[in-house]
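# Architecture and fold: a report
Spelled out, the chains give:
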Amino acid sequence: MAQVDTAETGQGGLRRDTGAGTWHAGIRRAIRIGSRPGPWKRGLVLAALALLLGLFMLLHAKIPNRIGNLGSLVETLLPWLGLFIPVLLAGALWRRSASAVVALLLPVMVWLNLFGGLLGDKSHPGGDLTVASHNVGAGNPDPAGTARDLAASGADVLALEEITPQAKPLYEEGLAKAYPYHTVQGTVGLWSKLPLSDTRPVDIKLDFGPLADIKMDSTRALRTTAATDQGPLAVYVAHLGSARVYPRAGFWTDSRDRSAQALGKAIAAEQNERVVLLGDLNGTTDDRAFADITSQLRSAQDAAGNGFGFTWPAKFPVVRIDQILVRGVEPESSWSLPATGSDHLPVAAGISW
C-alpha cells in the first residue's frame, strides 16, 4: 500500500508539475506575442523604400543634372522604375507588413498617373495621311532589303535617318517606285507620294554622326513642305546628337541637348500651323532636354498609340527614342513597324486634319 500511495502521490505531483509548466509556457507565449511587432511595425524599411520610390517618380523633374545628368537618365528610364513595385510588394507580403503595403500605394498611384494612359490602345481607324520614320542604321547589312520593307509599309511620307553615302543609292533605287518625290540632306532624307517644296537643311549644331569616332556629314536635319489636299504641311526630319552612358562621366548628352535646343528654335520660327517632326531624337519625350520641342509639339504615340511603343534596341526595345511629333493635325494611330536590318524599329502614325 505504501508503494501505491507513493505512486499516486507521484502521479499527482506530475499532474501538478504539468499544470505549472503549462501555465509558465502560456506566460512565455503571451510575452512573445506581446513583444512581437505588429503588422504596422513590421517592414518599416520596406515602407520607407516604397515612399522613396514614389517620391523619386513624383519629383523626377527636381532631380538635378549637375552630377552625371542623373535627372535626364532617370527620366529616360522612368517607366521602368515601376518594376520595383512588385519587388517591394513581394517583400511586404513576405514580411506581412501592413505599413509597407499601404506605403506602396504612393508609387502605384504616381506610376499610373504618369504612364497609365499608355497601357491601353488609343488608336482609331482611318487617317488622312500616314507618316513614318526609320533610323536605317549606318551599319545596316541590307539597305536594299530595308528599302523594300519600307516601300511596302504604305506610308505616304517616309523619313530616313543615318543614311551613309554608300547606302544612299540603294535607298533611292528601292524607294523610287513607291515615292516619286524625295530629298536627301546629309544623312537624313524624306521620300513622299506628295510634292515637296521649300526644302532646306536645318542647322542643329552638330559635327559628328551617331557612331563614335566616325565623322559624317554634319547635316542631320531638314525641313520641307508637303503639298496635301488640305494645304501645306511642314515636315521636319532630324537625327539629334548621340547620348552615351559612361562609368565616370555618367549620362553624357551634351551634343544631343545642344541639337535639341537648336531644333526647338527652328520649330518655334516655323510659320506653318501644321507641323510634323519625324526622327531619331536619341531620347524619350519624358526627358527634360526636349522641353523646347515637346512644349510645341505632341507625341503621336502618347496621343494615339498602343502601349509604350519602344523602338531601341530593335532586338529587345526598352526605350522609345524614335519619335513622331505633331502640331496642328490630329493623331489617329501610332505603331511600330517590323524590324529591318537596323538596330532601330521603324515607327509610323496616321494623322487627320
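Residues numbered from 1 in each chain as written. Predicted model: local features only at pLDDT ≥ 70, side-chain atom pairs only at ≥ 80, totals over all residues. Heavy atoms only, no water.

## Topic: the packing of aromatic side chains
Note the cut-off: Between rings of Phe, Tyr and Trp, where Trp is taken as its six-membered ring, a pair exists when centres lie within 6.5 Å; planes separated by under 30 degrees are stacked, by over 60 edge-to-face, and by other angles tilted. Under the DSSP-based scheme used, a helix requires at least four consecutive residues in state H or I and a strand at least two consecutive residues in state E, with every element numbered from the N terminus. Only protein chains enter the accessibility calculation, which uses a 1.4 Å probe. A residue is then buried if its area is under 20% of the maximum for its type, exposed if over 50%, and partly exposed in between.
This structure, assessed with the given rule, holds five aromatic pairs. Judged by centre distance (6.0 Å) and plane angle (50°), the rings of Phe115 and Phe308 are tilted. With Phe115 in helix α6 (residues 105–115) and Phe308 in the loop between α11 (300–304) and β12 (322–327), this residue pair connects regions lying 193 residues apart in the sequence. Overall, the relative accessible area of 22% leaves Phe308 in the partly exposed class. Consider the rings of Phe308 and Phe310, whose centres lie 5.3 Å apart with planes at 20°: the pair is stacked. An aromatic cluster is defined as three or more aromatic residues linked by ring pairs; in this entry it consists of Trp80, Trp111, Phe115, Phe308 and Phe310.

## Regarding the pattern of salt bridges
It is possible for side chains of opposite charge to pair when their charged atoms get near one another. Our working definition: By convention in these notes, a salt bridge is any Lys or Arg side-chain nitrogen within 4 Å of a carboxyl oxygen on Asp or Glu.
According to the stated counting rule, one finds eight salt bridges in the structure shown. Residue Glu270 pairs with Arg223 through a salt bridge whose shortest N-O separation is 3.0 Å. Taken together, the residues Glu270 in the loop between α9 (254–268) and β10 (275–280) and Arg223 in strand β6 (residues 221–228) connect sequence positions 47 residues apart. Taken individually, Glu270 and Arg223 each receive the classification buried, so the pair is uniform in this respect. Residues Arg298 and Glu330 are paired through a salt bridge, measuring 2.9 Å at the closest nitrogen-oxygen approach. Separated by 32 residues along the polypeptide, Arg298 in strand β11 (residues 298–299) and Glu330 in strand β13 (residues 330–336) bring together distant segments of the chain.

## Description of the side chain of Arg220
The condition that has to hold: Polar contacts, as counted here, are pairs of nitrogen or oxygen atoms within 3.5 Å of one another; within protein the pair requires one atom able to donate a hydrogen and one able to accept it, and residues that are adjacent in sequence qualify only if both atoms are side-chain atoms.
Structurally, Arg220 is set in the loop between β5 (196–201) and β6. Here the side chain of Arg220 touches Leu240 through a polar contact of 2.9 Å, landing on its backbone oxygen.

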